[in-house]
Amino acid sequence: MVCESNNKSYLESHNLKIIGQSTLKGKVKISGAKNSALVLLAASILTDEKIILDNVPQLTDIEKMGSILESLGVKLQTKDHQLTIDSTNISNKELPFELVNGLRASFFCIGGLLARFGEATIPLPGGCNIGKRPINEHIRGLKALGAKIIIEKDIVKAKLVEKRNRLHGANIRLNCPSVGATETLLMAASLAEGRTVIENAAREPEIQDLCNMLNKMGAKIYDAGRKKIIIDGVQKLVGCSHKVIPDRIEAGTFLIAAAATSSSITVSPVIPNHLEAVLNKLEESGSQITKKGNSISIKGNKIEAVDIKTAPFPGFPTDLQAPFMALMTIAKGRSKISETIFENRMNHVELLNEMGSSITVKNNVAYITGVNKLRGMKLVGSDLRSSAALIIAALISNEISFIYGLEHLDRGYESIEMKLSMLGAQVTREIDIKKTKKSMHESSNLNKEDVSIASAA
Ligand code: EPZ
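Since the structure is predicted, the reported quantities are computational estimates derived from the model, not experimental observations. (Residues numbered from 1 in each chain as written. Predicted model: local features only at pLDDT ≥ 70, side-chain atom pairs only at ≥ 80, totals over all residues. Heavy atoms only, no water.)

## A short note on the packing of aromatic side chains
To describe a pair of aromatic rings, one takes the distance between the centres and the angle between the planes. Under the definition given, this model contains one aromatic pair. On the basis of an interplanar angle of 75 degrees and a centroid distance of 5.4 Å, the ring pair of phenylalanine 316 and phenylalanine 324 is categorised as edge-to-face. Given the relative accessible area of 0%, phenylalanine 324 is considered buried. Directly above the ring of phenylalanine 117 sits lysine 93, whose terminal nitrogen or CZ lies 4.9 Å from the centroid. (Phe/Tyr/Trp six-rings, centres within 6.5 Å; stacked < 30°, edge-to-face > 60°. Buried < 20%, exposed > 50% of the residue type's maximum accessible area, 1.4 Å probe, protein only. Lys NZ or Arg CZ within 6 Å of the ring centre and 35° of its normal.)

## Some points on the pattern of salt bridges
Within the structure shown, the criterion is met by 19 salt bridges. Notably, a salt bridge pairs lysine 291 with glutamate 276, separated by 3.2 Å at the nearest N-O pair. With lysine 291 in strand S17 (residues 288-292) and glutamate 276 in helix H9 (residues 276-284), this residue pair connects regions lying 15 residues apart in the sequence. Since its relative accessible area comes to 44%, lysine 291 is described here as partly exposed. Taken together, the shared-partner salt bridges in this structure form one network comprising Lys34, Asp61 and Arg411. (Salt bridge = Lys/Arg side-chain N within 4 Å of Asp/Glu carboxyl O. Helix = DSSP H or I, 4+ residues; strand = E, 2+ residues; numbered from the N terminus.)

## Remarks on the domain arrangement of the protein
Once the domains are mapped, the protein shows domain 1 (4-31 + 247-437) and domain 2 (34-243). On a C-alpha basis, the centres of domain 1 and domain 2 stand 30 Å from each other. On the side of domain 2, 20 residues touch domain 1, which itself brings 25 residues to the contact. Between domain 1 and domain 2, roughly 1,800 Å² of surface is buried when both sides are summed, and carbon and sulfur atoms account for 48% of that area. Per-residue buried area on domain 1 facing domain 2 is highest for Phe313, Arg411 and Glu414; these three make up 34% of the total on that side. (Domains from an automatic or database assignment. Contact = heavy atoms within 4.5 Å. Buried area = accessible area lost by both parts, 1.4 Å probe.)

## With respect to the site of the ligand
Lining the immediate environment of the ligand, one finds 21 residues, of which Arg104, Asn136, Ser178, Asp319 and Ile341 sit closest. Taking arginine 104, its side chain carries an N or O atom lying 2.6 Å from an oxygen atom of the ligand. Glycine 180 places a main-chain nitrogen or oxygen 2.8 Å from an oxygen atom of the ligand. For the ligand, whose unbound accessible area comes to 820 Å², protein coverage reaches 86%. Ranked by residue count, the leading element in the shell around the ligand is helix H5 (residues 136-144), at three residues. The residue inventory of the shell around the ligand, partitioned by class, reads eight nonpolar, six polar and seven charged. (Near = heavy atom within 4 Å. Polar contact = N/O pair within 3.5 Å; in protein donor to acceptor, adjacent residues only side chain to side chain. Areas by Shrake-Rupley, 256 points an atom, 1.4 Å probe, with all protein chains shown as cover. Nonpolar A, V, L, I, M, F, W, Y, C, P; charged D, E, K, R; others polar.)

## Some remarks on the packing of helix H4 (residues 109-117) against helix H6 (residues 179-190)
Contact pair H4 / H6: the axes reach a minimum separation of 8 Å and the direction vectors enclose 15 degrees. In terms of their interaxial angle, H4 and H6 are classed as roughly parallel. Note on packing geometry: the crossing formed by H4 with H6 is right-handed. Contact with H4, carried on its side by Ile110, Gly111, Gly112 and Ala115, involves Thr184, Met187 and Ala188 of H6 and no other residues of that element. Residue composition of the contact of H4 with H6, grouped by class: four nonpolar, three polar and no charged. (Axes fitted to C-alpha atoms, helices over the stretch in contact; angles between N-to-C directions. Parallel < 35°, antiparallel > 145°, perpendicular 65-115°, else oblique. Left-handed = near helix turned anticlockwise from the far one by under 90°.)

Pasting the structure below:
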């Protein structure tokens, strides 16, 4: 972030200062799901009537998606956690590179633009630090629905095949249960002529939330959440109001943090069956879990080593692999964590080892031997969920840690330092108004001269 003042510009970087070993206690409010809100925003362009979204998390990814929609001519109004989206006057069907870059979810707009306007031009969503992130399943499915797609100089140009004024239904079998591809095809098929069947569809709760909203808008979608989804296309979709489901990944992150600090907390609102696989593994590793309505309480005590293997829903979610690995660093015994969804989602291992963990990785499988303690140190998060893992490791340590790279964290966790502080953790967000000169991996016995900071809770 750059701050301008009296003709000078200061480079401002934020970091979290964490004094570890606090026991967490109390109840934490879970925000709306990032990965639901993003696709619901994209789905809003399917109608020329107003969509009112409640429980929208305040995250940088949501702001970015809002800017992308506004660049198309969509009008957005924000009131606290409510977003009113008016796509009456979409004038542009081309997403600007500078906005799309770094927000993969922007590619979801292709389904809505194609279905409603018959054309879309979207820069290829690049890979990111967890993997290549291809879109071949999206493209293959859209072609089956009657889109003509060419990719030139990393720009995806899509339009209807000649002489057709609408997409048409098709039978599509995905080669992998891609969340994004399922969502893109659901949006495109909702306005296509005739029936579409998506086989090997993703079953994540965010898919079900999207289908619930699309059906409120007049879509005819059956069996959302199952491997085979049926969509009977309609002529038009209307506006509606919809509340975003709670963020199961944020809830899981806090539950894992409680287990890692032998704490007792309650997370709410949450839908317990969105976290079955995670709750089972937390119980297997020694925590006590109580589910009550839209709340889950955890009582952490001993931590036994358990093996996990990430898988599409309802399996163990890849987005909680890194946080769970932080827990396993101090478990009693040896554990094995297999990442089967993304090819490069072990970015947290190096820094966890520098903190004193004992982890080796081979062919996307991490082998962890539990240790007794972790050192506090200066850390830099490299992606959203790795950053969450570093926070959990810092809470485990009995020393001070500084975590940089908050631009990743702020994409997916709303006010995480405030929520942790309210649970009793000693966490503050610091704003560094002068770049630190020292290396990013020094010990935590920093003296104040090194970093001129202004502390903010
Ligand atoms: C969504 O990403 C989420 N993002 C991710 O959350 C989440 O990790 C992922 O689903 C898996 O659950 C959003 O919803 C915005 P995929 P997405 O398509 O849709 C391969 C977070 O931390 N694949 O299900 O991109 C792909 O390479 C983020 O919140 C193809 O081969 O995930 C990957 O290995 C990270 N071809 C696997 O499928 C395709 O066309 C899963 O990808 C598409 C995907």
